[in-house]
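What the coordinates show
Given next are the chains, with one letter for each unit.
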Amino acid sequence: NGCLYCGFRSANKDIPRKALSTEEVVKEARALEGMGFKRILLVTGEDPSYGLDYIIACIRAVYKKTGIRIVHLNAPPMGVEELRELKAEGVGVFQVFQETYHAPTYELMHPTGKKKDYDWRITVMDRAFQAEFDDVGIGALLGLYDFRFDALSAIAHSKHLYETYGTHAHTISIPRLRPAEGSKLPKKDAGRYEVSNEELKKIVSVYRLSVPSAGVVA
């Protein structure tokens, strides 16, 4: 994808990239298990070389070779059938961040790649519930647009899930925009919507009051 704010954008050839083998995933999971963790989050991108089969192989390896009880997944939006396969493999929470709910800003920030499709991304949690997921994780990348709009939109998103499927978002994440080496964020937008520490505390408080059943996670 070509996300302008991200150092990992596809056009940035100046950073090394690595995808873990299944054995390396198991090694990382065992290290976390040794620290006392029983739930882990598997994070993957949208490189077609590491698609659904790769993700499933990693999930199976963790469950087979470690004592980890639940694998959560942060992955690109998928169709209902793909999500059903992931649910059948024992994925706990399925997590996708909308980045920004403000459609014009989203279009500006995602000029290339599959991620540029705003509608496909914002409807992924509906597909996850249709695939019989019980728990989903949402979030906005605070600082891409006015945090008031995005925070209220995340709350509205969770409310939609509750009204439609009877369950609020399991988690609402609070990633915050920071400078990234190799990003191409337009100068006029860099720092324009910066979120201060005090504002971040306010956002966490509003999420907690508005969706008390959700975990608010960094």
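Note that the structure is a prediction, hence the values are computed from the model and not measured.

The subject of this paragraph is the overall build of the protein chain. Scanning the protein chain from N- to C-terminus turns up eight helices and six strands. Mapped in sequence order, the helices and strands of the protein chain form the string α-β-α-β-α-β-α-α-α-β-α-β-α-β. Whereas a compact globule of 218 residues would reach a radius of gyration of roughly 17 Å, the protein chain reaches 17 Å, a difference of no more than 12%. Counting all 218 residues of the protein chain, 44% fall into the buried class. Residue pairs in contact within the protein chain that sit at least 24 positions apart in sequence constitute 74% of those at least 6 positions apart.

This part covers empty space enclosed by the protein. Applying the stated criterion across every chain yields a total of one cavity of 30 Å³ or more. As a volume, the largest cavity reaches approximately 40 Å³. Residue lining of the largest cavity: Glu-46, Pro-77, Tyr-106, Lys-114, Lys-115, Asp-117, Trp-120 and Arg-121, and that is the complete set. Across the lining of the largest cavity, the residue classes tally to three nonpolar, no polar and five charged.

Another point: the pattern of salt bridges. Applying the stated rule across the entire model yields 11 salt bridges. Glu-99 is the salt-bridge partner of Lys-115, the closest N and O atoms lying 2.7 Å from each other. In this pair, Lys-115 sits in the loop between helix H4 (103–109) and helix H5 (118–122) while Glu-99 sits in the loop between strand E3 (91–95) and H4, placing the two residues 16 residues apart along the sequence. Residue classification places Glu-99 among the buried positions, given a relative accessible area of 9%. Several salt bridges converge on common partners, so that one network encompasses Glu-99, Lys-115 and Arg-121.

One pair of aromatic rings is described through two measures. These are the centre distance and the angle between the planes. Overall, the coordinates contain six aromatic pairs when judged by the stated rule. One aromatic cluster in this structure is built from Tyr-145, Phe-149 and Tyr-193. Taking the ring centre of Trp-120 as reference, the NZ or CZ of Arg-127 above it sits at 3.6 Å.

Turning to the environment of Gly-113, a few remarks are in order. Locating Gly-113 in the fold gives a position in the loop between H4 and H5. Residue classification places Gly-113 among the partly exposed positions, given a relative accessible area of 37%. When the C-alpha positions of Gly-113 and Gly-2 are compared, they lie 6.0 Å apart, and in sequence the two are 111 residues distant.

Bringing the nonpolar core into the picture now. Counting residues in hydrophobic clusters, the biggest one holds 48 residues, and the most contacted among them are Leu-86, Phe-94, Met-125 and Phe-133. For this core, the element with the highest residue contribution is helix H2 (residues 52–65), accounting for six residues. Contacts of Met-125, omitting those with residues within four sequence positions, involve Phe-94, Gln-95, Val-96, Val-136, Gly-137, Ile-138, His-157 and Leu-161.

Each full turn of the α-helix corresponds to 3.6 residues, which orients residues three or four apart in the same direction. The complete set of buried residues in helix H3 (residues 80–88) reads Val-80, Leu-83 and Leu-86. Buried positions in H3, seen along its axis, are confined to an arc of 120° and lie on one side of it. Opposite the packed face of H3, turned more than 90 degrees from it, sit the exposed residues Glu-81 and Ala-88. The first or second residue beyond H3 is Gly-90, which carries a positive phi of 100°.

A few words on the environment of Phe-147. Within the secondary structure, Phe-147 sits in helix H7 (residues 147–165). Overall, Phe-147 belongs to the buried group, its relative accessible area being 8%. Taking the C-alpha atoms as reference, Phe-147 lies 18 Å from Ile-122; in sequence the two are 25 residues apart. Those residues in contact with Phe-147, other than ones at most four positions away along the chain, are Leu-142, Val-195, Glu-199 and Ile-203.

How each quantity is defined
- Residues numbered from 1 in each chain as written.
- Predicted model: local features only at pLDDT ≥ 70, side-chain atom pairs only at ≥ 80, totals over all residues.
- Heavy atoms only, no water.
- Helix = DSSP H or I, 4+ residues; strand = E, 2+ residues; numbered from the N terminus.
- Rg over C-alpha atoms; globule rule 2.2 N^0.38 Å.
- Buried < 20%, exposed > 50% of the residue type's maximum accessible area, 1.4 Å probe, protein only.
- Contact = heavy atoms within 4.5 Å.
- 1 Å grid on protein atoms, 1.4 Å probe; cavity = no way out; pocket = protein on both sides within 12 Å on 5 of 7 lines; lining within 4 Å.
- Points joined across faces, edges and corners; volume = space filled by probe spheres on them.
- Nonpolar A, V, L, I, M, F, W, Y, C, P; charged D, E, K, R; others polar.
- Salt bridge = Lys/Arg side-chain N within 4 Å of Asp/Glu carboxyl O.
- Phe/Tyr/Trp six-rings, centres within 6.5 Å; stacked < 30°, edge-to-face > 60°.
- Lys NZ or Arg CZ within 6 Å of the ring centre and 35° of its normal.
- Core = buried A, V, L, I, M, F, W, Y, C linked by side-chain atoms within 4.5 Å.
- Arc of directions from axis to C-beta.

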